[in-house]
Amino acid sequence: MLSLHDVQKTYEMGETQVHALRGVSLQLLPTQFSVIMGHSGSGKSTLLHVAGCLDVPTAGTVEYKGRDLTTLTSRERADVRSSEIGFVFQKYNLVGNLTALENVGLPLLLRGKSAKYASARARQALDLVGLADRKNHRPSKLSGGEQQRVAIARSLINEPAMILADEPTGNLDTGTGERILDLLRGLADDDKIVLVVTHNPDIAGMADLLVTLRDGRIAAQQSLEVVR
Amino acid sequence: MKLNLFRLALKNIGSRRTRSWLTILGVLVGVTAVVALLSIGTGVQQAVLQQFEDIGYDIILISPIGGGTQGGRGAVGGFAPGTGQSVRAFSGQSPSPPQTDTSTGGTFSPDNLGNAAANADGNTETAEDLRDALRRAATTSLDTQLLLEQVPQLIEAGTLGTQIQPVSTESTSGFLRVSTPSLDFLASFSSVLGGFDIAEGASFANSIDNQVVVGARSAELLQLAIGDSIAIGDIPFTVVGILSSSGLQDDNAGASEGALSGQGLAQNLGTGNSADLVLRGLTNTDDALFVLNERASEVLAGRSMMSVTITRVGGGAPISETKDAIQAAIGQQEATGTPISIQEVADEIQGTLGMIETVLASIAAVALIVGGVGLMNTMYTAVLERTREIGILKSVGARDGQVLILFLFDSGLMGLMGGMLGLVLGSLLSVAGTRVLGPSLGVGSFAPVIDGWLVTGVLVFSFVLGALSGVWPAWRASRLNPVDALAAE
Ligand SMILES: Nc1ncnc2c1ncn2[C@@H]1O[C@H](COP(=O)(O)OP(=O)(O)O)[C@@H](O)[C@H]1O
Ligand SMILES: [Mg+2]
């Protein structure tokens with residue numbers, strides 16, 4: 001379980017302060033497909049970053065496996081990201097001069113695994129997202145949907161306990177987006193914590209937990225287990 | 001894992017090809033300069049040291065003129081045998097009547113020498129000193145037999161007289177340096193005469209006939225062959241041998257046509273280094289004629305103008321003590337002269353070479369630093385360009401240290417590539433350079449020294465230079481906040 005307690009995040013912009021999160025408390029469970037919605041600028045991405053050890057909150061705690069992630073050193077946070085968390089971004093964020101296979105294997109290389117092992121595992125992961133025949137393509141030679149599937153394969157390569165996706169279908173057409181969401185939805189059934197930020201109201205229907213943010217606060221929180 | 005980061009770095013270098021190559025080029029230029037200068041420098045040093053090795057470090061020569069630094073310097077510098085001065089009369093290659101009058105313009109005489117120097121330099125005092133010194137030298141002579149008794153550390157001693165004589169062949173005439181070694185001297189100290197290596201004919205057969213051995217360049221200039229006749233001081237001599245070339249540059253080649261001009265002399269006065277010049281004068285046999293002392297003392301008597309005494313120190317005796325003893329002995333003989341050990345000459349020349357090398361190395365170092373700055377700039381730009389990539393790496397679990405290493409590898413690799421290419425180019429350059437420089441440095445033929453130390457040193461250094469230039473940009477890259485980095489365009 002990942003539990004955020006009274007998380008605040010304030011950005012200092014010279015004289016002015018931007019309060020991106022104003023006290024958010026939230027609990028995310030494995031097997032739960034959690035969705036965050038809200039207007040642009042409401043703090044969705046910030047929340048995702050704080051939850052994923054990519055950024056530290058100004059105040060509040062983020063507890064995971066009995067540890068407060070906000071107190072970790074930069075190196076410990078990197079290791080948590082490496083072993084526990086997989087990110088999927090709206091812009092895919094693949095490394096441009098690496099092939100699909102290399103992109104997927106990268107997290108393993110960074111953990112000190114051999115190149116041979118990394119590419120074998122990466123091949124499996126690409127297989128899983130249906131891109132076995134695209135493994136030697138560079139991102140620029142792949143469609144948006146394919147790139148996002150590569151990104152999902154990469155997020156899964158270290159067998160993380162949680163997948164955090166920030167508007168993963170934002171750049172995709174409806175059909176492709178649905179396939180991506182199915183993929184993510186399936187991961188929750190694999191006992192992972194899955195948190196997806198989206199604008200897409202259709203996704204809300206699939207959610208086990210739907211959180212709506214407004215101005216850095218939780219405006220509404222619904223458990224929709226009934227729907228399933 | 002390092003290997004994987006290494007691959008990643010390679011890919012990155014490849015992905016920004018043009019700028020990478022420009023950066024590598026910057027390092028390459030610096031490394032090329034360093035390699036060329038160092039290998040040539042070491043080559044020159046080894047060649048020079050080999051020359052002294054050949055002569056022998058157990059030799060102390062006694063320069064005829066005292067006071068190693070003041071008047072003596074100029075005097076010996078100007079009068080050093082082997083400066084090829086008297087060749088001038090032959091340089092026209094046209095027959096002219098024998099000139100026995102030593103005061104005739106354009107040929108050698110102490111007076112002309114002084115005037116020429118004075119005119120060129122406007123420095124009358126130096127010219128006066130020179131003339132005095134020459135006169136003193138002409139009258140000074142050490143008794144080598146007595147010297148050996150006075151200084152027990154010495155096992156051998158011999159005197160090499162040098163005269164300037166009017167010389168004429170069938171086709172041409174002028175003044176040349178005539179060295180007069182004794183048979184004993186040739187047996188003991190041929191190393192001082194560059195080995196006295198006969199290329200054609202033979203060495204002196206006896207001390208009864210008027211035989212002459214001719215230096216390589218003199219033979220060429222006078223168009224002499226074995227058996228030819230040549231008049232030295234109006235006395236006929238037969239050419240029995242021609243020496244092989246010493247490979248040394250004519251000292252005055254820088255001045256006009258290798259002749260002793262006032263300019264050339266002034267240069268010698270200004271830059272001359274006594275020990276060096278005396279020694280070079282001896283080892284450079286190319287412009288001299290050799291007549292046995294046994295013969296010369298009979299037919300050319302009374303014309304000796306300068307003599308250098310060469311001594312050999314017995315096994316193990318300390319050189320500096322022996323030198324002191326020799327100095328004392330010279331005093332007792334009421335002669336003048338300064339003992340100079342080969343070691344001193346070697347040290348002096350090495351000092352000069354070392355200084356030149358330092359200057360060249362500094363220039364090379366500047367080139368390297370410029371290359372390093374270029375690299376730093378490239379890496380800095382690379383960090384800016386790759387900010388988002390850094391964010392990606394961090395989001396998938398890269399530690400700060402890994403990002404740092406990745407960038408250091410990147411810049412180190414570029415340094416290394418520059419180093420490898422620079423090594424190749426510098427080696428080629430130094431091989432070509434030695435061809436050009438060899439003669440003008442006066443060390444004859446020598447090869448650049450490119451040994452394992454230089455190769456490893458350059459490769460390690462260029463990698464470290466590359467990595468160091470990348471330290472600051474890489475450190476910045478590693479410290480980037482992942483979220484900020486991901487937000488970058
Ligand atoms: N790095 C930052 N510096 C300053 N302000 C920021 C930064 N990131 C986000 N913000 C601000 O914080 C607020 C929340 O941003 P964000 O979490 O990205 O919103 P959302 O993802 O819901 O669009 C916005 O007002 C945004 O301008
Ligand atoms: Mg956002």
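A word on the overall build of chain A
Scanning chain A from terminus to terminus reveals seven helices and 10 strands. Residues counted as buried form 53% of the 228 residues belonging to chain A. Considering only contacts within chain A whose residues lie at least 6 apart along the sequence, 69% involve residues at least 24 apart. Total accessible area computed for chain A in this model is approximately 10,000 Å², and 47% of it derives from carbon and sulfur atoms.

A word on the pairing of strand β1 (residues 59-63) of chain B
Residue and element names in this part refer to chain B. β1 sits mainly inside the fold: five of its five residues count as buried. Side chains Ile59, Leu61 and Ser63 project from β1 onto one buried face, and the interleaved Ile60 and Ile62 project onto a second face that is buried too. In the sheet, β1 pairs with strand β10 (residues 338-341) via four bridges, with the strands oriented antiparallel. From the neighbouring strand, serine 63 faces β10, where its bridge partner is threonine 338.

Here's the deal with the site of ligand 1
Residue and element names in this part refer to chain A. Taken together, 13 residues form the shell around ligand 1, and within it Gly41, Gly43, Lys44, Ser45 and Thr46 come nearest. A distance of 3.3 Å is found between an oxygen atom of ligand 1 and a backbone nitrogen or oxygen belonging to serine 42. Within the backbone of glycine 43, an N or O atom sits 3.1 Å from an oxygen atom of ligand 1. A total of 560 Å² of accessible area belongs to ligand 1 in isolation, and the protein chains cover 67% of it. Elements with a contribution of two residues or more to the shell around ligand 1: β1 (2-13), β2 (16-28) and α1 (44-51). Split by residue class, the shell around ligand 1 holds four nonpolar, seven polar and two charged.

Things to note about the confidence of the model for chain B
Residues and elements named next belong to chain B. Predicted confidence across chain B gives a mean pLDDT of 72, with 71% of residues reaching 70 or more. Between residues 66-123, whose pLDDT stays under 50, and residues either more than four places distant or in other chains, the model counts 137 contacts. Note that residues 250-273 has pLDDT below 50 and, in this model, 50 contacts with residues that lie over four places away or in other chains. Prediction confidence for the complex, expressed as pTM and ipTM, is 0.65 and 0.94 respectively.

So, the interface of chain B and chain A
Counting from both sides, the interface comprises 24 residues of chain B and, opposite them, 28 residues of chain A. Buried area between chain B and chain A, summed over both chains or domains, comes out near 2,300 Å², and the portion from carbon and sulfur atoms is 56%. On the chain B side of the interface with chain A, the three residues burying the most area are Lys11, Val396 and Arg399 of chain B, jointly 24% of the side's total. One can count one salt bridge joining chain B with chain A.

A word on the packing of helix α5 (residues 144-156) of chain A against helix α6 (residues 174-189) of chain A
Residue and element names in this part refer to chain A. Where α5 contacts α6, the axes come no closer than 10 Å and their chain directions differ by 10 degrees. The pairing of α5 with α6 is recorded here as roughly parallel in orientation. Where α5 approaches α6, its residues Gly145, Gln148, Arg149, Ile152 and Leu156 are matched on the opposing element by Thr176, Arg179, Ile180, Leu183, Leu184 and Leu187. Of the residues in the contact of α5 with α6, the class split is six nonpolar, three polar and two charged.

Re a nonpolar patch on the surface
On the surface, Tyr380, Leu384, Trp472 and Trp475 of chain B cluster together into a nonpolar patch covering about 440 Å² of accessible area. Relative to the assigned elements, leucine 384 of chain B resides in helix α13 (residues 342-385).

Side note on the nonpolar core
Leu2, Leu4, Leu47 and Leu69 of chain A together with Phe407 of chain B are the most contacted members of the largest nonpolar core, which has 61 residues in total. Not counting chain neighbours up to four residues away, the residues in contact with phenylalanine 407 of chain B comprise Met379, Val383, Arg386, Ile390, Ala474 and Ala477 of chain B. In this structure, Ala100, Ala153, Ile157 and Leu187 of chain A belong to the second largest nonpolar core, which totals 39 residues.

A few points about helix α2 (residues 17-55) of chain B
The end-to-end C-alpha distance of α2 of chain B, which contains 39 residues, comes to 56 Å, matching closely the 57 Å that a straight helix rising 1.5 Å per residue would cover. Just past α2 of chain B, the residue glycine 56 of chain B takes up positive phi, approximately 110 degrees.

Here's the deal with the sheet that holds strand β9 (residues 209-214) of chain A
Residues and elements named next belong to chain A. Ordered by their spatial adjacency, six strands build an open sheet running β6-β7-β8-β3-β9-β10, and the pairing between neighbours is mixed. Looking at the sheet topology across the chains shown, the edges are occupied by β6 (85-88) and β10 (217-223). Adjacent strand axes in the sheet meet at a mean angle of 15 degrees when their direction is disregarded. For strand β7 (residues 162-166) and strand β8 (residues 193-197), the ladder comprises five bridges, and the chain directions are parallel.

Re the sheet that holds strand β4 (residues 59-64) of chain A
Residue and element names in this part refer to chain A. Sheet architecture is open: four strands sit in the order β2-β1-β4-β5, paired in antiparallel fashion. Edge positions in the sheet fall to β2 and β5 (67-68), since each has one partner strand and no second. Examined bridge by bridge, β1 and β4 share five bridges and lie antiparallel to one another. Across the sheet, the residue bridging to serine 3 is glutamate 63, located in β4.

A closer look at the packing of helix α3 (residues 100-110) of chain A against helix α4 (residues 115-128) of chain A
All names here are of chain A. Closest axis-to-axis distance for the α3/α4 pair is 8 Å, and the angle between their directions is 120 degrees. The angle between α3 and α4 places the two elements in the oblique class. Seen from above, α3 lies across α4 with right-handed handedness. Contacts between α3 and α4 pair Ala100, Leu101, Val104, Gly105, Leu108 and Leu109 from the former with Ala115, Tyr117, Ala118, Ser119, Arg121, Ala122, Arg123, Ala125 and Leu126 from the latter. Each residue belonging to the contact of α3 with α4 can be placed in one class, and the counts come to 11 nonpolar, two polar and two charged.

About the thresholds
Residues numbered from 1 in each chain as written. Chains lettered and ligands numbered in written order. Predicted model: local features only at pLDDT ≥ 70, side-chain atom pairs only at ≥ 80, totals over all residues. Heavy atoms only, no water. Helix = DSSP H or I, 4+ residues; strand = E, 2+ residues; numbered from the N terminus. Buried < 20%, exposed > 50% of the residue type's maximum accessible area, 1.4 Å probe, protein only. Contact = heavy atoms within 4.5 Å. Areas by Shrake-Rupley, 256 points an atom, 1.4 Å probe, with all protein chains shown as cover. Pairing = 2+ DSSP bridges. Near = heavy atom within 4 Å. Polar contact = N/O pair within 3.5 Å; in protein donor to acceptor, adjacent residues only side chain to side chain. Nonpolar A, V, L, I, M, F, W, Y, C, P; charged D, E, K, R; others polar. pLDDT = per-residue confidence, 0-100. Buried area = accessible area lost by both parts, 1.4 Å probe. Salt bridge = Lys/Arg side-chain N within 4 Å of Asp/Glu carboxyl O. Axes fitted to C-alpha atoms, helices over the stretch in contact; angles between N-to-C directions. Parallel < 35°, antiparallel > 145°, perpendicular 65-115°, else oblique. Patch = residues over 30% accessible without salt bridge, like charges linked within 9 Å, V, L, I, M, F, W, Y side chains within 5 Å. Core = buried A, V, L, I, M, F, W, Y, C linked by side-chain atoms within 4.5 Å. Expected span 1.5 Å × (residues − 1). Left-handed = near helix turned anticlockwise from the far one by under 90°.

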